[in-house]
Amino acid sequence: MRLDDLDRRIVACLLEDARLSFAQIGAQVGLSAPAVKRRVDRMRHDGVITGYAAVVDPAALGWTTEAFVELFCAGRTSPAEIYASIRRHPEVVAAYTVTGEANALVHLRAHDIQGLEEALERLRNEPNIVQTKTSIVLSRLLGRPTGGPDA
């Protein structure tokens, strides 16, 4: 699906504040509320907009420790096998297959260093994970909502 400039501006409004009314968005992009609703409905139907979520500060929930972990897997471990190994770990908040030496990059959040260490030990005990390389986040410099530069 191709998005035009108005669609991108509507998505940008929703990324900034998903609680805006169609009328408020329309005022920002120069459309009527019904026209905004039609476009949003179309983008939802086409899978451009997949849902709405509350964005919560992890520290407010006690998740103050964050790390990125490179996973190195045995043999030719498929993305589906990696997914099966990591999905049951609640500390994993995102995971990606990547180029380079590692098979995957995993984003972890934990209450503290001890919780992070326990999560890492559980990951290392997965049968297809043979090695990990961990980088602990000291501070977040930038965090944008998903949507990319064209949203």
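My aim in this report is to walk through the structure given alongside it, one point at a time. Please read these numbers as outputs of a predicted model, since none were measured by experiment. (Residues numbered from 1 in each chain as written. Predicted model: local features only at pLDDT ≥ 70, side-chain atom pairs only at ≥ 80, totals over all residues. Heavy atoms only, no water.)

## Section: the environment of V137
Phase 1: Examined against the element boundaries, V137 turns out to sit in the segment after strand 4 (129–136).
Phase 2: Classification of V137 as partly exposed rests on a relative accessible area of 25%.
Phase 3: Sequence-distant contacts of V137, that is, excluding residues within four places in its chain, are made with E66, A67 and F68. (Helix = DSSP H or I, 4+ residues; strand = E, 2+ residues; numbered from the N terminus. Buried < 20%, exposed > 50% of the residue type's maximum accessible area, 1.4 Å probe, protein only. Contact = heavy atoms within 4.5 Å.)

## Remarks on the sheet that holds strand 3 (residues 104–110)
By definition, the strands of a sheet pair up through backbone hydrogen bonds, in either a parallel or an antiparallel sense.
Phase 1: Spatially, the four strands line up as an open sheet ordered 2-3-1-4, and their pairing is antiparallel. Among the strands making up the open sheet, the edge pair consists of strand 2 (92–97) and strand 4. Mean inter-strand twist for the sheet, computed between neighbouring axes without regard to direction, equals 20°.
Phase 2: With respect to the sheet, helix 5 (residues 113–124) is in contact with strand 1 (65–73), strand 3 and strand 4, its orientation differing from that of strand 4 by roughly 160°. (Pairing = 2+ DSSP bridges. Axes fitted to C-alpha atoms, helices over the stretch in contact; angles between N-to-C directions.)

## Regarding the nonpolar core
Phase 1: With 15 residues, the main nonpolar core has V69, L71, I82, I86, V106, L108 and L116 as its most contacted residues.
Phase 2: Counting only elements with at least two residues in this core, the list comes to strand 1, helix 4 (79–86), strand 3 and helix 5.
Phase 3: Setting aside its immediate chain neighbours within four residues, L71 contacts I82, I86, A102, N103, A104, V106, I129, Q131 and T132.
Phase 4: Residues V11, C13, L14 and M43 belong to the second largest nonpolar core, which totals 11 residues. (Core = buried A, V, L, I, M, F, W, Y, C linked by side-chain atoms within 4.5 Å.)

Treat this as a map of the structure, not an account of what it does.
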